[in-house]
Amino acid sequence: MLAVAVLAAGKGTRMKSDLPKVLQPLAGATLVERVLGSCRALDPQRQILIVGHQAERVEQSLSQHGGLEFVLQQPQNGTGHAVQQLLAPLADFEGELLVLNGDVPLLREETITALLERHRTSQAAVTLLTARLDDPTGYGRVFADASGHVSAIVEHRDCSEEQRANNLTNAGIYCFNWSKLAAVLPQLSTDNDQGELYLTDTVAMLSPAMHVEVADADEINGINDRYQLAQCEAVIQQRLRRHWMAEGVTFVDPESCTLSDGTRFGRDVVVEPQCHFRGNTNVGRGCRIGPGSFLENASVGEEVEVLYSVVRDAVVADGCTIGPYAQLRPGTELARDCRIGNFVEIKKSQIAAGSKVNHLSYIGDAQLGENVNVGAGTITANYDGVTKHRTVIGAGSKTGANSVLVAPITLGANVTVGAGSTLTKDVPAGALALGRAKQLIKENWS
Ligand code: UD1
Ligand code: CA
């Protein structure tokens, strides 16, 4: 039997934030979500989150996460004290307890699986994850012999000068034999620089205690402050870009672009500098995105070009070109081969194939048929101050420059709207609509 406990009760003082540390976001997911994700494949019998500081907020953030038990640690008197809270809920439990620090978000599933396997084959009382860090400042140091047996862990602040020179670092990830750990947990003392109960002290009380060194030291990065948060973000971004480059995506200036876990690309996509992908964004084969674009929950077909533009909660079909400087807001749906040009904003509108909105327009709550040509500066006046109204423009219609279509309004197919018109009434198919003052000429007036 396997139980997993994630330590997430701490305040995260060094973050200087109103947000509990484990709720800090990293590439679109919170720290605690990432930690829970890293042990998903183990399919544990029990999954426990130890909460304390802003417990309700942490619990609420995970309300969609099935099968989690929350155990309250009040007050937060150290990592050992946190695990002592499991003595009651795990009183009848037999098996292994995997303990994960809630602020170590880069662990790979394979690493945890390997830790568990090593623990089982060596029949250790505890097996912990370590790494050799170039700069182990702040981390607990692990004292071990050549055969991997650990004698003790000493926290950075409790180390002598000589002990600090040891760069074998405690990751904060442990696999315990639960009944053996349960027997020593009550013996922890607060005899240390912080006056807290340290989980790390149990290691010297358990035998055999073993460690497994990770190959990639980045994996054990712990996050205590904003600088470490930024470093972890950089590691995740690097992993994501590498993954997609291996799948056939070109990044012209990789470091300048950011991705989310939910970003997907087809082959031969070219991502120009300064592009950002958030949420669940899909970009189809052969697209050219950027420079300077932001896509969030966007579904983009194949061979689409997006230049200096923002696309949010919108669907863009094959062959469209967007920008420069366009904004597609939530609910925009473009069918194939549409062209959305500069300084155009589109919201909650369906635009059929081959239509063009090329310059300086606002199209909101509208439905456009195929091959509509929206003239420069055309505005759908969709809001009367109280409610929003729809505009419908039939296939093949053209609006002249600077027209205002006051919704609700329907233009039939193949309508032509004269430049500068303000239309408030429906227009039948095939008609010319003019809604502007007649031009007056007064000769020899000056
Ligand atoms: C801890 C380890 C250190 C290790 C490092 C790895 C101890 C004593 N030290 O130090 O050896 O190198 O992690 O990142 O364990 N927490 C609680 N309740 C508490 C205190 C903390 O749930 O009372 C949680 C925190 O929310 C956090 C985790 O435990 O998720 C680690 O706590 P933190 O204070 O960050 O420990 P470190 O000083 O980083
Ligand atoms: Ca920490």
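Shown above is the structure to which this text applies.
Right, let's walk through the structure included here. The model shown is predicted, which means the values in this text are computed figures rather than measured ones.

The rules we used
- Residues numbered from 1 in each chain as written.
- Chains lettered and ligands numbered in written order.
- Predicted model: local features only at pLDDT ≥ 70, side-chain atom pairs only at ≥ 80, totals over all residues.
- Heavy atoms only, no water.
- Helix = DSSP H or I, 4+ residues; strand = E, 2+ residues; numbered from the N terminus.
- Rg over C-alpha atoms; globule rule 2.2 N^0.38 Å.
- Buried < 20%, exposed > 50% of the residue type's maximum accessible area, 1.4 Å probe, protein only.
- Contact = heavy atoms within 4.5 Å.
- Areas by Shrake-Rupley, 256 points an atom, 1.4 Å probe, with all protein chains shown as cover.
- Lys, Arg positive; Asp, Glu negative; His and termini not counted.
- Charge placed at Lys NZ, Arg CZ, Asp CG, Glu CD.
- Pairing = 2+ DSSP bridges.
- Near = heavy atom within 4 Å.
- Polar contact = N/O pair within 3.5 Å; in protein donor to acceptor, adjacent residues only side chain to side chain.
- Nonpolar A, V, L, I, M, F, W, Y, C, P; charged D, E, K, R; others polar.
- Salt bridge = Lys/Arg side-chain N within 4 Å of Asp/Glu carboxyl O.
- Donors = N, O, S within 2.8 Å, 3.2 Å for Na, K, Ca; no water.
- Phe/Tyr/Trp six-rings, centres within 6.5 Å; stacked < 30°, edge-to-face > 60°.
- Lys NZ or Arg CZ within 6 Å of the ring centre and 35° of its normal.
- Expected span 1.5 Å × (residues − 1).

1. With respect to the overall build of the chain
Here comes step 1: Regarding its fold elements, the chain presents seven helices and 40 strands.
Here comes step 2: A globule of 446 residues ought to have a C-alpha radius of gyration of about 22 Å, yet the chain, at 30 Å, is considerably larger.
Here comes step 3: When the backbone C-alpha atoms are referred to their principal axes, the chain occupies close to 105 × 45 × 45 Å.
Here comes step 4: Burial statistics for the chain: of 446 residues in total, 50% are counted as buried.
Here comes step 5: Residue pairs at least 24 apart in sequence account for 40% of intrachain contacts in the chain once pairs closer than 6 positions are excluded.
Here comes step 6: Surface exposure of the chain reaches about 20,700 Å², of which carbon and sulfur atoms provide 48%.
Here comes step 7: Charged side chains of the chain number 39 positive and 50 negative; the gap between the two group centres comes to 10 Å.

2. Considering the environment of V212
Here comes step 1: Topologically, V212 is positioned in strand 11 (residues 209-213).
Here comes step 2: The buried category is assigned to V212, whose relative accessible area is 12%.
Here comes step 3: Sequence separation between V212 and K347 is 135 residues, and the spatial gap between their C-alpha atoms is 54 Å.
Here comes step 4: Ignoring sequence-local partners within four residues, the contact set of V212 consists of L115, R118, T127, L128, L129 and T130.

3. Here we look at the sheet that holds strand 16 (residues 282-283)
Here comes step 1: The strand order across the open sheet formed by nine strands is 13-16-19-22-25-28-31-34-37, and the pairing between neighbours is parallel. Looking along the sheet, the strands with just one partner apiece sit at the ends: strand 13 (264-265) and strand 37 (409-411).
Here comes step 2: Strand direction decides the pairing type here: strand 31 (residues 366-368) and strand 34 (residues 391-393), joined by three bridges, are parallel. Paired with A366 across the bridge in strand 34 is T391.

4. With respect to the site of ligand 1
Here comes step 1: Near ligand 1 lie 24 residues; those nearest to it are Q73, G78, T79, E155 and N170.
Here comes step 2: In the model, an oxygen atom of ligand 1 is placed 2.7 Å from a nitrogen or oxygen of the T79 side chain.
Here comes step 3: Within the side chain of D103, a nitrogen or oxygen atom sits 3.0 Å from an oxygen atom of ligand 1.
Here comes step 4: Burial of ligand 1 by the protein chains amounts to 91% of its free accessible area of 760 Å².
Here comes step 5: Elements with a minimum of two residues in the shell around ligand 1: strand 1 (2-8), helix 3 (79-84) and strand 10 (168-177).
Here comes step 6: For the shell around ligand 1, the per-class residue count stands at eight nonpolar, twelve polar and four charged.

5. Topic: the pattern of salt bridges
Here comes step 1: Evaluation of the coordinates by the stated rule reveals 16 salt bridges.
Here comes step 2: Overlapping salt bridges, with partners in common, bring together R108, D216 and E219 in one network.

6. Topic: the pairing of strand 29 (residues 356-359)
Here comes step 1: Sheet topology note: the strand 26 (residues 339-342)/strand 29 ladder contains three bridges and is parallel. Bridge pairing links N342 to H359 in strand 29.
Here comes step 2: As paired strands, strand 29 and strand 32 (residues 373-374) are joined by two bridges and run parallel to one another. What sits directly across from V357, in strand 32, is V374.

7. A few points about the coordination of the calcium ion (ligand 2)
Here comes step 1: Here the calcium ion (ligand 2) is held by D103 (OD) and N224 (OD1), and the distances to it run 2.2 to 2.4 Å. Remark: N224 occurs in the loop between strand 11 and helix 7 (226-246) and D103 occurs in the loop between strand 6 (96-101) and helix 4 (109-122); sequence separation between them is 121 residues.
Here comes step 2: For N224, a relative accessible area of 16% puts it in the buried group.

8. Observations concerning the sheet that holds strand 35 (residues 398-399)
Here comes step 1: The parallel open sheet is built from eleven strands, whose spatial order is 12-14-17-20-23-26-29-32-35-38-40. At either margin of the open sheet sits one strand with a lone partner, and together these are strand 12 (250-251) and strand 40 (432-433).
Here comes step 2: Of the strand pairs in this sheet, strand 38 (residues 416-417) and strand 40 are connected by two bridges, and their pairing is parallel. Its bridge partner lying in strand 40, T416 is registered against L432.

9. What to know about the packing of aromatic side chains
Here comes step 1: All told, the structure shown has six aromatic pairs when counted by the stated rule.
Here comes step 2: With a centroid separation of 6.2 Å and an interplanar angle of 85°, the aromatic rings of F251 and F265 are classed as edge-to-face. One end of the pair, F251, is in strand 12; the other, F265, is in strand 13, and 14 residues separate them in sequence.
Here comes step 3: Look at F251 and you get buried, because its relative accessible area is 8%.
Here comes step 4: Overall, the relative accessible area of 9% leaves F265 in the buried class.
Here comes step 5: Ring centres 5.4 Å apart and planes at 15° place the aromatic pair Y308 and Y325 in the stacked group. Here the residue Y308 occupies a position in the loop between strand 20 (305-306) and strand 21 (310-312), and Y325 occupies one in the loop between strand 23 (321-322) and strand 24 (326-328), the gap between them amounting to 17 residues.
Here comes step 6: Members of the aromatic cluster, joined through ring pairs, are W244, F251, F265 and F277.
Here comes step 7: Over the ring of Y383 we find K388; its NZ or CZ atom is 5.2 Å from the centre of that ring.

10. What about helix 7?
Here comes step 1: Between its first and last C-alpha atoms helix 7 spans 30 Å; for 21 residues at 1.5 Å apiece the expected length is 30 Å, and the two agree.
Here comes step 2: Against the buried residues of helix 7 lie strand 2 (25-26), helix 1 (31-37), strand 12 and strand 13.
Here comes step 3: A distance of 3.2 Å separates the backbone nitrogen of Y227 from a side-chain oxygen at the start of helix 7, and that oxygen is part of D225.
Here comes step 4: Positive backbone phi, at 100°, marks G248, one or two positions downstream of helix 7.

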